[in-house]
Amino acid sequence: MSMDVTDSFVGGFSLDFGFLAEASAETTHAGLSALDVCGMILVSVGLVFFLGAAVGLYRFPDFYTRMHAAGKGDTLSSLLILLGFGLITLDDFSMVGWLLVVKLLAIVLFIMLTSPTSTHALMRAGYEDGVEPVTKGSSSKNTKKEGES
Amino acid sequence: MTTEGFTVFAGAALFVLMLPALYRVAVGPTSFDRLVAVNVIGTKTAVLLVVIGTLFGRLDMFVDFALAYALLNFLTSLAVARYLNRTRSMPEKKPAKRRAPRKKKAKAS
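Per-chain numbering applies: the sequence of each chain, read as written, is numbered from 1 onward. Lettering for chains starts from A, numbering for ligands starts from 1, and both go in the order in which the items are written. With pLDDT at 70 or above as the cut-off, local features in this predicted model cover only qualifying residues; side-chain atom pairs require 80 or more to be listed or tallied, and sums for whole chains, interfaces and linings still use all residues.

**Quick look at the overall build of chain B**
Thought 1: When its secondary structure is counted, chain B shows 4 helices and 0 strands.
Thought 2: The way it works is that DSSP assigns letters per residue, a run of H or I at least four long becomes a helix, a run of E at least two long becomes a strand, and they are numbered from the N terminus. In sequence order, chain B lays out its α and β elements as α-α-α-α.
Thought 3: Every one of the 109 residues in chain B was classed for burial, and the buried ones make up 31%.
Thought 4: Across chain B, every contact between residues at least 6 apart in sequence was considered, and the portion connecting residues at least 24 apart equals 51%. The burial label depends on the number of other C-beta atoms within 10 Å of a residue's C-beta. Counts of 20 or more mean buried, 12 or fewer mean exposed, and intermediate counts mean partly exposed, with C-beta atoms placed from the backbone. By the criterion used throughout, residues are in contact when their C-beta atoms, derived from the backbone, lie within 7 Å.

**Description of the overall build of chain A**
Thought 1: Looking only at helices and strands, chain A features 6 helices and 0 strands.
Thought 2: Summarising the internal contacts of chain A: among those between residues at least 6 apart in sequence, 69% fall at separations of at least 24.

**Concerning the interface of chain A and chain B**
Thought 1: Each partner contributes residues to the interface: chain A has 49 residues there, and chain B has 47 residues.
Thought 2: Mapped by element, the contributors of at least two residues to the side of chain A that touches chain B are α1 (2–11), α3 (34–59), α4 (63–89), α5 (95–128) and α6 (139–146) of chain A.
Thought 3: It is α5 of chain A that contributes the most residues to the side of chain A that touches chain B, 16 residues altogether.
Thought 4: Residue composition of the side of chain A that touches chain B, by class: 29 nonpolar, 11 polar and 9 charged. Put simply, Ala, Val, Leu, Ile, Met, Phe, Trp, Tyr, Cys and Pro go in the nonpolar bin, Asp, Glu, Lys and Arg in the charged bin, and everything else, Gly too, in the polar bin.

**So, the packing of α3 of chain A against α4 of chain A**
Residues and elements named next belong to chain A.
Thought 1: Whenever a helix is involved, its axis is fitted only over the stretch in contact; in every case the axis is a line through C-alpha atoms, and angles between N-to-C directions fall within 0 to 180 degrees. At their nearest, the axes of α3 and α4 sit 7 Å apart, and the two run at 165 degrees to each other. Between α3 and α4, the crossing angle belongs to the class labelled roughly antiparallel. As α3 packs across α4, the resulting crossing turns out to be left-handed.
Thought 2: By residue class, the composition of the contact of α3 with α4 is 20 nonpolar, 7 polar and 3 charged. We call two directions roughly parallel when the angle between them is under 35 degrees, roughly antiparallel when it is over 145, roughly perpendicular when it lies between 65 and 115, and oblique otherwise. Put simply, a crossing is left-handed when the front helix is turned counterclockwise from the back one by less than a right angle, and right-handed when it is turned clockwise.

**With respect to the packing of α4 of chain A against helix α2 (residues 31–56) of chain B**
Thought 1: Running from amino to carboxyl end, α4 of chain A crosses α2 of chain B at an angle of 5 degrees, the nearest separation of the two axes being 10 Å. The angle between α4 of chain A and α2 of chain B falls in the class roughly parallel. Judged by residue contacts, F63, R66, M67, A70, D74, S78, I81, L82, F85, I88 and T89 of chain A of α4 of chain A engage F32, D33, V36, V40, T43, V47, V50, V51 and T54 of chain B from α2 of chain B.
Thought 2: Each residue belonging to the contact of α4 of chain A with α2 of chain B can be placed in one class, and the counts come to 13 nonpolar, 4 polar and 3 charged.

**What to know about α5 of chain A**
Thought 1: Over its 34 residues, α5 of chain A extends 50 Å from the first C-alpha to the last, a length consistent with the 50 Å expected when each residue adds 1.5 Å.
Thought 2: G130 of chain A sits one or two positions beyond α5 of chain A and adopts a positive phi of about 80 degrees. Multiply 1.5 Å by the residue count of a helix minus one, and that product is the helix's expected span.

**Regarding α3 of chain A**
Thought 1: The end-to-end C-alpha separation of α3 of chain A is 38 Å, in line with the 38 Å expected for 26 residues at 1.5 Å each.
Thought 2: All of the buried residues along α3 of chain A are D36, G39, M40, L42, V43, G46, F49, F50, A53, A54, G56 and L57 of chain A.

**Considering the confidence of the model for chain A**
Residue and element names in this part refer to chain A.
Thought 1: Confidence scores here are pLDDT values: one per residue, from the predictor, ranging 0 to 100. Across chain A, pLDDT averages 77, with 71% of residues at or above 70.
Thought 2: The low-confidence segment residues 1–16, where pLDDT is below 50, has 28 contacts with residues more than four positions distant or belonging to other chains.
Thought 3: Long-range and interchain partners of residues 140–149, a stretch whose pLDDT sits below 50, account for 8 contacts in this model, where long-range means more than four residues apart.

**Some remarks on the nonpolar core**
Thought 1: Nonpolar core, as used here: buried Ala, Val, Leu, Ile, Met, Phe, Trp, Tyr and Cys residues forming one set through C-beta atoms within 7 Å. The biggest cluster of nonpolar side chains holds 53 residues, and the ones touching the most others in it are L82 of chain A together with V50 of chain B.
Thought 2: In terms of residue count, the dominant contributor to this core is α4 of chain A (12 residues).
Thought 3: Among residues more than four places away in sequence, those in contact with V50 of chain B are L82, F85 and L104 of chain A together with F62, V63 and A66 of chain B.

Below, the structure is given as structure tokens:
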């Protein structure tokens, strides 16, 4: 049942909340509804944050600073991209669309809970195993140990 | 730009931005660096599954995959962090000194 309905909402507007779909379609001029534009903006902002996380993960000199960049940027970009695709999916306001958005919100909630938890666990494990943070004196040693350049 | 084109662009950008994390997995100095990068790649793979589901029009199926993948990623990260914490040999004495007061506190309280 759900497969058929999902197939039908790719092509055009359908189903239960037809008036909402018409209201959303009235704002359409270039083939994009307002929800699509909002979703694209959210996904773009999420990609920018993930770019920051990736650059930080690549270039930072230390385990803790890399963990800092990865934890924050990864969490926020995941939330933004998932919410953006939720808005893009919500195009026709059908019942299946709402169900998908609720599932996407469940993933968002799950990532929001678990990603800082795993970051904290990893950082505590690294600290107790004696991973040295970079300091002014030891920075050159760390970069040499890292094997870049 | 249509929605499909933007979805393809987002998926490609996600994949390209995973490559620095993959570099960190390959040449991370410590095993914790590799683990952080693996965690990032896992989270982004869950997001990428949602992108693929949007592209194929089968998001109701791929959302469940993404949820299961995020859950397994979290469990893997916690398990490996605990494993590395317990079994790594400690060549220096600093961690032992750090850990000692914590045990005393636990006993006192």
